[in-house]
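Spelled out from the first residue to the last, the chains are:
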Amino acid sequence: MIWTYFKIAFRRLQKSRLYTLINLVGLTVGISSCLLIGLFIINELSYDHFNQNADRIVRMTMQFGEGGKEKYATTGSKAGPALQRTFPQVESFVRTINSSVVTKYGSQMYIERRFMYADSAFFKMFSFPLLKGDPKTALDAANKMVITQSMATKYFGSDDPIGKTISVGWYGPPKNFEVTGVAADAPENSQIKFDFIGSFSSIGASKHEEWFTANYITYLLLKNKDQLPGFQQQLNTYMKGVSSGELKLAANSPLTYNLEPLLRVHLHSPLDGLEPSGNATTVYVLGVIALLILIIACINYTNLATVQSGAKSTEIGIRKVLGAQKSQLFGQFIGESFLLTLIALVFAVVLAIVFLPYYNQLTGKQLSFMVWVHPLPILVMLALCVFIAFASGSYPAFILSNVRLISILKSGLRLSSSGGFFRQALIVIQFTVSVALIIATVIVVQQLNFIRHKDLGYDKEHVIVITTDDNAHRQYEALKMEMARMPGVTNVSGANAMPTSVQWGDGITADDGHGKKELNISCLPSDVGLIKTLNMKLIAGADFNDDEFKLMDTAGKGKIFKYSFILNETAAKGLGWTPQQAIGKTVIKGAPGIVVGVIKDFHFASLHQPIGPMMMFLDTAFTNYILLKTTGQNVPATLQALQTLWKARVPSMPFTYRFLDDNYNSMYQSEQKTAAMFTTFSTLAILLACMGLFALSAFTTAQRAKEIGIRKVLGADVAGIVGLIAKDFLKLTLIAVLVASPLAWYFMNHWLQDFAYRINVNAWVFILAGGGAIVIAFITVSFQAIKAALANLVNSLRSE
């Protein structure tokens, strides 16, 4: 019996090829979209779950300043050890810090940007399996390190790396690190990713415990996961005592720590750690999009199966005469739906595998389809197949199986007006989803364009940034002079950090005329000429000059040291001064200094964050980057000249450079990926909706062939017939636009709140998206309407 149902269903699918093709394409695209988006969602939700101790690990974040407004994912070197000594709940701690280093082994020399220092308990706390070496002793002494399997192959090929040494350096003399272990490569769904792990005891911070100097991501392993709420309360009380006693901080600005469960860090923490945090909202929205695309495909099937039911009236009548029960008829038509869905599932799996490499480029991840090749995911896919079959096929199956025999024999199968209303509601839902996705995509793209073209307060175009090491730093002045003479280079300067990411935090004091004023501030140690190189805007005072270096007694090794400072507008305001009042004022940052200038606020962090107080001070001792402003002409020749100079002067380090604008754009990779995914899936949604509308309009025009013929006899022209057919569909599309617009505005306005600097959502976005949807719907319906209007009049009337 069941086999017979499938044979009948297969023959019927072959007979209605257009509708079968549209349904098959729709379901295939819908299911493959769900599979691909599902890979992304599974990856995001599974972050760090591979750690056996994941439910007992917490990350410490630091909070201080007046009202606790200063929040960082990093801590001082003392936080972990002090808490383990003080609280019995803490089993162990691990401090980590990522570094970029120059490595040498034999004739090989590389810049490695995923070199992590970590405490000896690292492999006890986290589940990164060691393929070689002892996890208990791998990091228990200075100058020991563990490398990943990929790095072992890169440096040593098939040789055993254990016991071999690699030279590691950057600033200061290089050190020889002994390879004491080989770890499996960190999985994709880990926030801790590394190529090398050096023992934390190899760096100076291990010898000095400080609450501040917050450079370290600190993790704690608790003895019991249920201890976290009570432990947080005890920690708050303990840190109040430390703040008022040991640190002597004001009562309204204590130092405290917040404990974040490891499994919540990636998607729910507002603070980036070892890698940028994910976004839970994006994950949920993509899940909803996948579901909505699938719903659109199911609606197509439901509508097309319903409107085709008239063609099945003879078959249904004969089966009822022969004694077929409602349940048998229902089972037959559900079987047809299941067969089509099963075929679509097979095609969807193939399509998802084919497009997975492109999807990985879109998401910036290395997702594997093998996630689905396990018993449970396969059962989930089959369950999804059954669900889709019932969701899309149950309504038409219910209508066809419940029709009365006398009605079929008397006048054939006719669709009720209530069924027509149901089909119209489904069309509205389809286009509501499509229009909402179009609006969301336009707003995301608008925000990204706003980010790209916003006046940052400096000129990021045609600026080459070169990373320095200790050797380059010793020759900094000579290198700067030679670079300045190169063709195409207009200005050269240096700084501790790139202007896109100033992370040096400090505290300053000054007298605002009403007493001492303290201010937490971001600092950028810089050289003369940085303001000119980056075309920053001075609004009071003057730029640094060479004479001001004479005020700095560097020979005194800090005993007599006088700074020159340039504040931004926010810092001047925070100290109670106008830009003009700030000039000549004394500010103390460890040592006193004079404010020589005030610059217009510029964005030295992500546009997600408001501009805070920032101060530049003249000091080349911390120069990590050389910045060169170029004309933008013949850039390859300029880069070649720079590389030649570098190889001759700085053989200790490979020549590496980047463009400042590329570095700025890389800060918004997450938003760019979101825009790309929104664009891709909203396009799929509108195409699927149009496919359904195309098939539905084809059926409608076929049903109204006699009416169209009569109207042509009475003198109706093509435009009139097109308007007759299109108006009902356009009304539904207009309703969808009116429903989608407020929904899209609400959700996208919520998304924009994550940016401190954002666009205003304008009415033209909704007009454009709605107008576009109406035009697309009109074109889709008009194709069939024009075809019907131009058909041979005699054939239309004769066939009826």
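Treat the numbers as computed from the prediction; the structure is a model and nothing was measured. (Residues numbered from 1 in each chain as written. Predicted model: local features only at pLDDT ≥ 70, side-chain atom pairs only at ≥ 80, totals over all residues. Heavy atoms only, no water.)

Undergrad: Break down the overall build of the protein for me, with residues and values.
TA: In terms of regular secondary structure, the protein is built from 25 helices and 22 strands. Per-residue burial over the protein gives 51% buried out of 800 residues. In the protein, the share of contacts with a sequence separation of at least 24, taken over all contacts with a separation of at least 6, comes to 80%. Accessible surface computed for the protein: about 36,300 Å², of which carbon and sulfur atoms make up 60%. (Helix = DSSP H or I, 4+ residues; strand = E, 2+ residues; numbered from the N terminus. Buried < 20%, exposed > 50% of the residue type's maximum accessible area, 1.4 Å probe, protein only. Contact = heavy atoms within 4.5 Å. Areas by Shrake-Rupley, 256 points an atom, 1.4 Å probe, with all protein chains shown as cover.)

Undergrad: Go over the pairing of strand 3 (residues 90-105) with me, naming the residues and quoting the values.
TA: Where strand 3 and strand 10 (residues 217-222) come together, 6 bridges link them in antiparallel fashion. Note on strand 10: the bridge partner recorded for Val-90 is Leu-222. Bridge count between strand 3 and strand 4 (residues 108-118): 9 bridges; the pairing is antiparallel. Looking at strand 4, one finds that Ser-99 is bridged to Phe-115. In textbook terms, the turn of a hairpin is the stretch between consecutive antiparallel strands, and for strand 3 and strand 4 this stretch comprises 2 residues, one of which, Gly-106, has a positive phi near 60°. Pairing of strand 3 with strand 7 (residues 165-169), which is carried by 3 bridges, proceeds in the antiparallel orientation. (Pairing = 2+ DSSP bridges.)

Undergrad: Please provide a residue-by-residue account of the environment of Pro-651, values included.
TA: Counting through the fold element by element, Pro-651 comes out in the loop between helix 19 (635-649) and strand 22 (657-659). Classification of Pro-651 by relative accessible area gives exposed; the value is 53%. The sequence separation of Pro-651 and Ala-472 amounts to 179 residues, and the corresponding C-alpha distance is 9.3 Å. Discounting residues that sit within four places of it in the chain, Pro-651 has contacts with Met-109, Asn-471 and Trp-646.

Undergrad: Which residues make up the pattern of salt bridges, and what are the values?
TA: A full pass over the atoms with the stated rule returns 21 salt bridges. One salt bridge in this structure joins Glu-260 and Arg-59, with 2.8 Å as the shortest N-O distance. Placement of the pair is Glu-260 in strand 11 (residues 256-261) and Arg-59 in strand 1 (residues 57-64), with a sequence separation of 201 residues. One exposure class covers both Glu-260 and Arg-59, and it is buried. A salt bridge links Asp-195 to Arg-114, with the nearest nitrogen and oxygen atoms 3.2 Å apart. You can see Asp-195 sitting in the loop between strand 8 (175-183) and strand 9 (196-199) and its partner Arg-114 sitting in strand 4, a full 81 residues away along the chain. (Salt bridge = Lys/Arg side-chain N within 4 Å of Asp/Glu carboxyl O.)

Undergrad: Run through the environment of His-268, naming residues and quoting values.
TA: If you trace the backbone, His-268 turns up in helix 7 (residues 262-268). Separated by 11 residues in sequence, His-268 and Asn-279 have C-alpha atoms that sit 7.0 Å apart.

Undergrad: Can you tell me about a nonpolar patch on the surface, naming the residues and giving the values?
TA: On the surface, Val-346, Phe-347, Val-350, Val-354, Phe-355 and Tyr-358 cluster together into a nonpolar patch covering about 590 Å² of accessible area. Overall, Tyr-358 belongs to the exposed group, its relative accessible area being 54%. (Patch = residues over 30% accessible without salt bridge, like charges linked within 9 Å, V, L, I, M, F, W, Y side chains within 5 Å.)

Undergrad: Before we move on, could you go through the side chain of Thr-61 and cite the residues and values that matter?
TA: Structurally, Thr-61 can be placed in strand 1. Not counting residues within four places of it along the chain, the set of residues in contact with Thr-61 comprises Tyr-72, Ala-73, Thr-256, Tyr-257, Asn-258, Glu-260 and Leu-271.

Undergrad: Please provide a residue-by-residue account of the side chain of Ser-434, values included.
TA: Looking at where Ser-434 falls in the secondary structure, it is placed in helix 13 (residues 417-453). Not counting residues within four places of it along the chain, the set of residues in contact with Ser-434 comprises Ile-296, Ala-685, Ile-686 and Ala-689.

Undergrad: Let's hear about the nonpolar core: which residues, and what values?
TA: When a protein is soluble and globular, its nonpolar side chains tend to lie buried together. Ranked by size, the top nonpolar core spans 113 residues in total, and within it Tyr-359 and Met-616 carry the most contacts. Once residues within four sequence positions are removed from consideration, Tyr-359 is found in contact with Leu-36, Ile-37, Phe-40, Leu-367, Met-677 and Phe-681. Grouped together as the second largest cluster of nonpolar side chains are 26 residues, Phe-123, Phe-126, Ala-138 and Leu-221 included. (Core = buried A, V, L, I, M, F, W, Y, C linked by side-chain atoms within 4.5 Å.)

Undergrad: Describe in detail unusual backbone geometry, supporting the description with residues and values.
TA: Although it is not a glycine, Asn-143 adopts a positive phi angle of roughly 65°. Looking at the element boundaries, Asn-143 is found in the loop between strand 5 (130-132) and strand 6 (144-148). Backbone geometry places Lys-248, a non-glycine residue, at a positive phi of 55°. Mapped onto the elements, Lys-248 comes out in the loop between helix 6 (228-244) and strand 11.

Undergrad: Which residues make up the packing of helix 15 (residues 476-484) against helix 19, and what values go with them?
TA: Contact geometry for helix 15 and helix 19: axes closest at 11 Å, N-to-C directions at 155°. Here helix 19 runs roughly antiparallel to helix 15, going by the angle between their axes. With respect to the hand of their crossing, helix 15 and helix 19 are arranged in right-handed fashion. Between helix 15 and helix 19, the residues in contact are Ala-478, Leu-479, Glu-482 and Met-483 and Leu-642, Leu-645, Trp-646 and Arg-649, respectively. Looking at side-chain class alone, the contact of helix 15 with helix 19 contains 6 nonpolar, no polar and 2 charged residues. (Axes fitted to C-alpha atoms, helices over the stretch in contact; angles between N-to-C directions. Parallel < 35°, antiparallel > 145°, perpendicular 65-115°, else oblique. Left-handed = near helix turned anticlockwise from the far one by under 90°. Nonpolar A, V, L, I, M, F, W, Y, C, P; charged D, E, K, R; others polar.)

Undergrad: How would you explain the packing of helix 3 (residues 79-86) against helix 6 if you had to name every residue and give the values?
TA: At their nearest, the axes of helix 3 and helix 6 sit 12 Å apart, and the two run at 110° to each other. The angle between helix 3 and helix 6 falls in the class roughly perpendicular. Together, Ala-82, Leu-83 and Thr-86 of helix 3 and Phe-231, Leu-235 and Tyr-238 of helix 6 make up the contact between the two elements. For the contact of helix 3 with helix 6, the residue count by class is 5 nonpolar, 1 polar and no charged.

Undergrad: Any chance you could break down the confidence of the model for the protein for me, citing the residues and the numbers?
TA: Regions with low pLDDT carry predicted coordinates that are not meant to be interpreted in detail. Averaged over the protein, the pLDDT score is 82; the fraction of residues at 70 or greater is 86%. By mean pLDDT, the top-scoring element of the protein is strand 6 (96), and the lowest-scoring one is helix 12 (residues 405-411) (50). Contacts for the low-pLDDT stretch residues 415-419, under 50 throughout, to residues beyond four places or in other chains number 5 contacts. Low confidence marks residues 555-559, where pLDDT is under 50. Its contacts with residues over four positions away, or in another chain, come to 1 contact. (pLDDT = per-residue confidence, 0-100.)

Undergrad: Hey, could you go over the pairing of strand 4 for me, with residue numbers and the actual values?
TA: Across 4 bridges, the pairing between strand 4 and strand 9 is parallel. Bridge pairing in strand 9 links Tyr-117 to Gly-198.

Undergrad: Explain helix 5 (residues 149-156) residue by residue, including any values.
TA: Turning to helix 5, its buried residues number three or more, namely Met-151, Ala-152, Tyr-155 and Phe-156. Along helix 5, the residues classed as buried sweep out an arc of 105° about the axis, all on the same side. Where helix 5 is buried, its residues contact strand 3, strand 4, strand 6, strand 7, strand 8 and strand 9. Remark: Gly-157 follows helix 5 within two positions and exhibits a positive phi of approximately 60°. (Arc of directions from axis to C-beta.)

Undergrad: Describe in detail the packing of aromatic side chains, supporting the description with residues and values.
TA: Inspection of the entire model under this criterion finds 34 aromatic pairs. The interplanar angle of 85° and the centroid separation of 5.1 Å between the aromatic rings of Phe-122 and Phe-123 together place this pair among those described as edge-to-face. By relative accessible area, which is 0% here, Phe-122 ends up buried. Geometry around Tyr-110 places Lys-154 over its ring, the cationic atom sitting 4.1 Å from the centre. Above the ring of Tyr-757, the side-chain terminus of Lys-454 is found at 5.2 Å from the ring centroid. (Phe/Tyr/Trp six-rings, centres within 6.5 Å; stacked < 30°, edge-to-face > 60°. Lys NZ or Arg CZ within 6 Å of the ring centre and 35° of its normal.)

Undergrad: Could you give an account of the environment of Asn-535, with specific residues and numbers?
TA: Within the secondary structure, Asn-535 is located in the loop between helix 16 (530-533) and strand 16 (538-541). The exposure class assigned to Asn-535 is partly exposed, which follows from its relative accessible area of 48%. Placed 77 residues apart in sequence, Asn-535 and Tyr-458 show a C-alpha to C-alpha distance of 5.4 Å. If sequence neighbours within four positions are ignored, Asn-535 has contacts with Gly-457, Tyr-458 and Asp-459.

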